[in-house]
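# Per-entry structural report
What follows is each chain in one-letter form.
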Amino acid sequence: MSLSVRNLQIAYRTLRGDVQAVDDVTFEVADKEIMGLAGESGSGKSTLGNSLIFLEGRMRHVGGTVDLDGKALPISNYRAMNRHRMRDVSIIPQYAMSALNPTKKIGSLARDLLKARGFHLADVLPEFRRRISLVGLPDNVLGMYPFELSGGMRQRATMVISTLLNPSLLIADEVTSALDVSNQRAVGELLTEFRDLGYVKSMIVITHDLSILAQIADTITIMYAGKLAEKADASTIVDKPLHPYTQALLSSLPEVGLRYEDKELTGIPGRPPSLLDVVSGCRFKDRCPFARDRCRDEPPFVELLPGHQVACWKASDEVKGLGGWAHEGAAGSAPSIGRAGGEVEHPGGAEGPGSERPGDANATALAPRVSEGLEAPVGKGQP
Ligand SMILES: Nc1ncnc2c1ncn2[C@@H]1O[C@H](COP(=O)(O)OP(=O)(O)OP(=O)(O)O)[C@@H](O)[C@H]1O
Ligand code: SF4
Ligand SMILES: [Mg+2]
């Protein structure tokens, strides 16, 4: 097991109180696993990713542990983490592509980063050049400024630099978001290639774009309001999601070829709860069409089927063969979510979780859906 995160809690200190951005999160990432992490804007994806390598000023490690390759990562100790950054765990932060220092050439940026980790660029230069060529960048890219490169080229250069020391874990945060569709695909394919070549052992790929994850991720984890809602194989999440929030996210995706008059995008009614003053019970209950009194208690994030973890009372009952979860609206009056909400097969069918891999027919069935992904439809009504 590459990564093991247990009961992780990360908060931001603000003048209005602590923002519980990551709240009691537990998950594992296996060797060679590419775990996609998706969810609405503000759900805590970047906070979770960043906390595994760098706690910035306002971030506070409230509790929980992180083990990488069987050893504890001292995430709350900035100095102690220095010896792990880039070597054991590396990150391509959200907005990294546009945050590259415009006054430094690519080679010089790489030299500074390596120096901060106690390495000399000269020692890794032959491998650096080999990888630059592997990702289709010209030889002279080391002597170029970031503004001389296209978005796709900058992203590929960032990927090469961040994985130069073959880290055990790479966190790639929205690396495809600012790219056009063909560059998105190319960068997505490179991520899997880097894993296959052993440049990185496992990855967390954070994105709004479930269609990219359906193509490249082995597993997908869905996050909602600082908590994990569901984790399973990519094909299981796409075809047989159990959590009403995951079902709603999938229903929000537009389908290529369908006109608005034919099928109106449903979006998700309401907005996520504030993370400043967290309510008790299921965090999704005010927006969930299935919510009932029991949802006032917090559902645990547990493995309901092999390799399929879910935090939902309804899903738990369904897996046990207990029914009675029609739209009762006991704790809210959210309207029906739509397609996925009504079509989920009863779990435990012939094709159990784990039987399919990304890239198979079911997982790629999502790919043609327009890939701007979740932000637009889900974001309706967001602040
Ligand atoms: N520096 C900060 N100070 C205070 N609160 C913050 C800070 N950064 C993020 N937050 C809050 O933490 C929560 C999680 O934010 P985060 O950026 O991790 O979400 P995200 O899922 O990555 O969103 P996005 O998809 O928009 O990138 C949000 O409520 C956000 O407002
Ligand atoms: S059914 Fe209940 S526990 Fe499940 S997502 Fe809805 S509100 Fe949460
Ligand atoms: Mg983010």
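The model shown is predicted, which means the values in this text are computed figures rather than measured ones.

### As for the overall build of the chain
Secondary structure summary: the chain contains 14 helices and twelve strands in total. Across the 383 residues of the chain, 47% fall into the buried class. Taking contacts inside the chain between residues at least 6 apart in sequence as the whole, the part at least 24 apart equals 72%.

### Things to note about the sheet that holds strand 2 (residues 17–29)
Sheets are built from strands that pair by backbone hydrogen bonding, the pairs being arranged parallel or antiparallel. Pairing is antiparallel across the open sheet formed by four strands, whose spatial order is 2-1-4-5. Edge positions in the sheet fall to strand 2 and strand 5 (71–72), since each has one partner strand and no second. Of the strand pairs in this sheet, strand 1 (residues 3–14) and strand 2 are connected by eight bridges, and their pairing is antiparallel. Across the sheet, residue threonine 14 finds its bridge partner in strand 2, namely glycine 17.

### Section: the confidence of the model for the chain
Confidence along the chain averages 83 in pLDDT terms, with 81% of residues attaining 70 or more. Note on residues 329–383: pLDDT under 50 across the span, and 137 contacts to partners over four residues away in sequence or across chains.

### Quick word on the packing of helix 6 (residues 151–162) against helix 7 (residues 181–196)
Where helix 6 contacts helix 7, the axes come no closer than 10 Å and their chain directions differ by 15 degrees. The orientation of helix 6 relative to helix 7 falls into the category roughly parallel. The handedness of the crossing between helix 6 and helix 7 is right-handed. Here Gly151, Gly152, Gln155, Arg156 and Met159 of helix 6 lie close against helix 7, whose contacting residues are Asn183, Ala186, Val187, Leu190 and Phe194. By residue class, the composition of the contact of helix 6 with helix 7 is five nonpolar, four polar and one charged.

### Section: the environment of lysine 45
Tracing the backbone shows lysine 45 in helix 1 (residues 45–51). As a C-alpha pair, lysine 45 and tyrosine 224 span 179 residues in sequence and 9.0 Å in three-dimensional space. Once residues within four sequence positions are removed from consideration, lysine 45 is found in contact with Leu37, Gly39, Ile206 and Met223.

### Quick look at the pairing of strand 6 (residues 89–92)
Burial of strand 6 is two-sided: the residues Val89 and Ile91 facing one way and the residues Ser90 and Ile92 facing the other way are all buried. Relative to strand 7 (residues 169–173), strand 6 is paired through four bridges, and the arrangement is parallel. Looking at strand 7, one finds that serine 90 is bridged to leucine 170.

### Description of helix 10 (residues 244–251)
Taken across its eight residues, helix 10 has eight buried, putting it largely inside the fold. Pro244, Tyr245, Thr246, Gln247, Ala248, Leu249, Leu250 and Ser251 are the residues of helix 10 that are buried.

### A short note on the nonpolar core
The biggest cluster of nonpolar side chains holds 92 residues, and the ones touching the most others in it are Ala172, Leu191, Met203, Val205 and Leu213. Of all the elements, strand 2 adds the most residues to this core, at six residues. Apart from the residues lying within four places of it in its own chain, the contact partners of alanine 172 are Ile92, Leu191, Met203, Val205 and Ile206.

### Thoughts on the site of ligand 1
Near ligand 1 lie 16 residues; those nearest to it are Tyr12, Ser41, Lys45, Ser46 and Thr47. Looking at the shell around ligand 1 residue by residue, the classes come out as four nonpolar, ten polar and two charged.

### Describing the sheet that holds strand 11 (residues 302–305)
Pairing within the open sheet is mixed, and its eight strands lie in the order 6-7-8-3-9-10-12-11. Both edges of this open sheet fall to strand 6 and strand 11, since each of them pairs with a single strand only. Neighbouring strand axes in the sheet, compared pairwise and without regard to direction, differ in orientation by 25 degrees on average. On the sheet, helix 6 packs against strand 6 and strand 7 and is oriented at approximately 170 degrees with respect to strand 6.

### A closer look at unusual backbone geometry
The backbone of lysine 32 shows a phi angle near 70 degrees, a positive value even though the residue is not glycine. Structurally, lysine 32 is set in the loop between strand 2 and strand 3 (34–38). For alanine 225, which is not a glycine, the phi torsion comes out positive at approximately 50 degrees. Structurally, alanine 225 can be placed in the loop between strand 9 (219–224) and strand 10 (227–233).

### Points about helix 7
Spanning 16 residues, helix 7 covers 23 Å between terminal C-alpha atoms, matching the ideal 22 Å at 1.5 Å per step. Where helix 7 is concerned, the buried positions are Gln184, Val187, Gly188, Leu190, Leu191, Phe194 and Arg195. All buried residues of helix 7 lie within an arc of 155 degrees about the axis, which places them on one face of the element. Away from its buried face by more than 90 degrees, helix 7 exposes Ser182, Glu189 and Asp196. Considering only its buried residues, helix 7 is in contact with strand 3, helix 6, strand 7, strand 8 (202–206) and helix 8 (210–216). Positive phi appears at glycine 198, one or two residues downstream of helix 7, with a value of about 85 degrees.

Basis of the calculations
- Residues numbered from 1 in each chain as written.
- Chains lettered and ligands numbered in written order.
- Predicted model: local features only at pLDDT ≥ 70, side-chain atom pairs only at ≥ 80, totals over all residues.
- Helix = DSSP H or I, 4+ residues; strand = E, 2+ residues; numbered from the N terminus.
- Buried ≥ 20, exposed ≤ 12 C-beta atoms within 10 Å, placed from the backbone.
- Contact = placed C-beta atoms within 7 Å.
- Pairing = 2+ DSSP bridges.
- pLDDT = per-residue confidence, 0-100.
- Axes fitted to C-alpha atoms, helices over the stretch in contact; angles between N-to-C directions.
- Parallel < 35°, antiparallel > 145°, perpendicular 65-115°, else oblique.
- Left-handed = near helix turned anticlockwise from the far one by under 90°.
- Nonpolar A, V, L, I, M, F, W, Y, C, P; charged D, E, K, R; others polar.
- Core = buried A, V, L, I, M, F, W, Y, C linked by C-beta atoms within 7 Å.
- Near = placed C-beta within 6 Å.
- Expected span 1.5 Å × (residues − 1).
- Arc of directions from axis to C-beta.

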